[in-house]
2 protein chains.
Amino acid sequence: MSNDKSTVRHHQHAPRPSANLPDASELQQASAMFRALGDPARLRLLARLAGGEVCVTELADLEEEKLTTVSARLQTLHDARLVKRRREAKHVYYALTDRHVLRLVQSAIEHAAEKR
Amino acid sequence: MSNDKSTVRHHQHAPRPSANLPDASELQQASAMFRALGDPARLRLLARLAGGEVCVTELADLEEEKLTTVSARLQTLHDARLVKRRREAKHVYYALTDRHVLRLVQSAIEHAAEKR
């Protein structure tokens, strides 16, 4: 709740209840996450993961991209805590971190589809 | 559904049902929207609008910023169709475009708050 100046009265408007604003650290984290989402190729990887976890080699096949290219995109998404990964023998599986990420991806796609 | 290569069979994995992927235009729009969200100051404006529409002069007061600074941020959000505006006499009011945007903002904040 730092920088919450909503108690400042605007001279031409009725008083407004103090907004429940995120603090500076939450805003920094959320905006960093949005920057990671701001790329069509990374976003498509997330859309593929919306149905459940997928092995990185399968993602590369599906995307018809090099494994190194897809791995780099997944690393960016992992740094932003949008995906989690687990190893099983020689396979590395990726999945969306949680339901918040699923909702973010779904809301964005719906919004984009609706507004065309 | 362009570029959907999910019918390509990965040799080491069970067949996977064709993903319901957004098309290239939807991905472009959604990622542009995420880039507009990828800034803490713009995100805080959206958080302020989560409670309902606010006049631009009141937003500038609340943010303790120049009107021109806040107007520029709102223009970026408007270009990305994250906010809508209406004029009433000398006032310009901004609001979130729809429930998808509200959900995007709320999900991001919850995700950021949860992962600290």
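No experiment lies behind these values; they were computed from the predicted model shown.

(A) Summary view of the overall build of chain A. Within chain A one finds five helices and three strands. When its helices and strands are written in sequence order, chain A yields α-α-β-α-α-β-β-α. Put simply, chain A has 116 residues, and 50% of those count as buried. Taking the intrachain contacts of chain A between residues at least 6 apart in sequence as the baseline, contacts between residues at least 24 apart amount to 40%. As displayed, chain A offers around 5,800 Å² of accessible surface, 48% of which is attributable to carbon and sulfur atoms.

(B) Looking closely at the sheet that holds strand 2 (residues 83-88) of chain A. Read across the open sheet, the three strands follow the order 1-3-2 (chain A); overall the sheet is antiparallel. Looking along the sheet, the strands with just one partner apiece sit at the ends: strand 1 (54-55) and strand 2 of chain A.

(C) Representation of the sheet that holds strand 1 (residues 54-55) of chain B within the structure. All names here are of chain B. Across the sheet, which stays open at both edges, the three strands sit in the order 1-3-2 with antiparallel pairing between neighbours. The open sheet has two edge strands with one neighbour each: strand 1 and strand 2 (83-88). Of the strand pairs in this sheet, strand 2 and strand 3 (residues 91-96) are connected by six bridges, and their pairing is antiparallel. Its bridge partner lying in strand 3, Lys84 is registered against Ala95. Strands in contact with helix 2 (residues 40-49) are strand 1, strand 2 and strand 3; relative to strand 3, the strand with the most contacts, it is inclined by about 90 degrees.

(D) Spatial organisation of the confidence of the model for chain A. Averaged over every residue, the pLDDT of chain A is 84; the share at 70 or more is 82%. If you check the scores for this complex, the pTM reads 0.79 and the ipTM reads 0.78.

(E) View of the nonpolar core. Counting residues in each nonpolar core, the largest one holds 58 residues, and the members touching the most others are A:Phe34, B:Phe34, B:Leu46 and B:Leu82. Each residue touching B:Phe34, except ones within four places of it in the same chain, is listed here: A:Phe34, A:Leu37, A:Gly38, A:Leu43, A:Leu104, A:Ala108 and B:Leu104.

(F) Highlighting the packing of aromatic side chains. With the rule as written, the count across this model stands at one aromatic pair over all chains. On the numbers, 5.7 Å between centres and 20 degrees between planes, the contact of A:Phe34 with B:Phe34 is stacked. Remark: B:Phe34 occurs in helix 1 (residues 24-37) and A:Phe34 occurs in helix 1 (residues 24-37); the pair is interchain, linking two chains. Residue A:Phe34 is classed as buried on the basis of its relative accessible area of 0%. Sitting over the face of the ring of A:Tyr93, A:Arg86 holds its NZ or CZ atom 4.7 Å from the ring centroid.

(G) Fine view of the environment of B:Leu37. Here B:Leu37 lies in helix 1. Take B:Leu37: its relative accessible area is 0%, and that puts it in the buried class. In the structure, B:Leu37 is positioned 45 residues away from B:Leu82 in sequence and 8.7 Å away in space, judged by C-alpha atoms. Apart from residues lying up to four places away in sequence, B:Leu37 is in contact with A:Ser31, A:Phe34, B:Leu43, B:Leu46, B:Leu82 and B:Leu104.

(H) Up close: the pairing of strand 3 of chain B. Residue and element names in this part refer to chain B. Most of strand 3 sits out of view: six of its six residues are buried. Neither face of strand 3 is open: one carries His91, Tyr93 and Ala95, the other Val92, Tyr94 and Leu96, and all of them are buried. Of the strand pairs in this sheet, strand 1 and strand 3 are connected by two bridges, and their pairing is antiparallel. Each residue of the ladder has a partner; that of Cys55, found in strand 3, is Tyr93. The loop that links strand 2 with its antiparallel partner strand 3 comprises two residues; one of these, Ala89, has a positive phi angle of about 55 degrees.

(I) View of the environment of A:Leu104. If you trace the backbone, A:Leu104 turns up in helix 5 (residues 99-114). Given a relative accessible area of 1%, A:Leu104 falls into the buried group. Once residues lying within four places of it in the same chain are set aside, the contact partners of A:Leu104 are A:Met33, A:Phe34, A:Leu37, B:Phe34, B:Leu104, B:Ser107 and B:Ala108.

(J) Summary view of helix 3 (residues 56-63) of chain A. Of all eight residues making up helix 3 of chain A, six are buried, and the element is well covered by its neighbours. Where helix 3 of chain A is concerned, the buried positions are A:Val56, A:Glu58, A:Leu59, A:Ala60, A:Leu62 and A:Glu63.

What counts, and at which threshold
Residues numbered from 1 in each chain as written. Chains lettered and ligands numbered in written order. Predicted model: local features only at pLDDT ≥ 70, side-chain atom pairs only at ≥ 80, totals over all residues. Heavy atoms only, no water. Helix = DSSP H or I, 4+ residues; strand = E, 2+ residues; numbered from the N terminus. Buried < 20%, exposed > 50% of the residue type's maximum accessible area, 1.4 Å probe, protein only. Contact = heavy atoms within 4.5 Å. Areas by Shrake-Rupley, 256 points an atom, 1.4 Å probe, with all protein chains shown as cover. Pairing = 2+ DSSP bridges. Axes fitted to C-alpha atoms, helices over the stretch in contact; angles between N-to-C directions. pLDDT = per-residue confidence, 0-100. Core = buried A, V, L, I, M, F, W, Y, C linked by side-chain atoms within 4.5 Å. Phe/Tyr/Trp six-rings, centres within 6.5 Å; stacked < 30°, edge-to-face > 60°. Lys NZ or Arg CZ within 6 Å of the ring centre and 35° of its normal.

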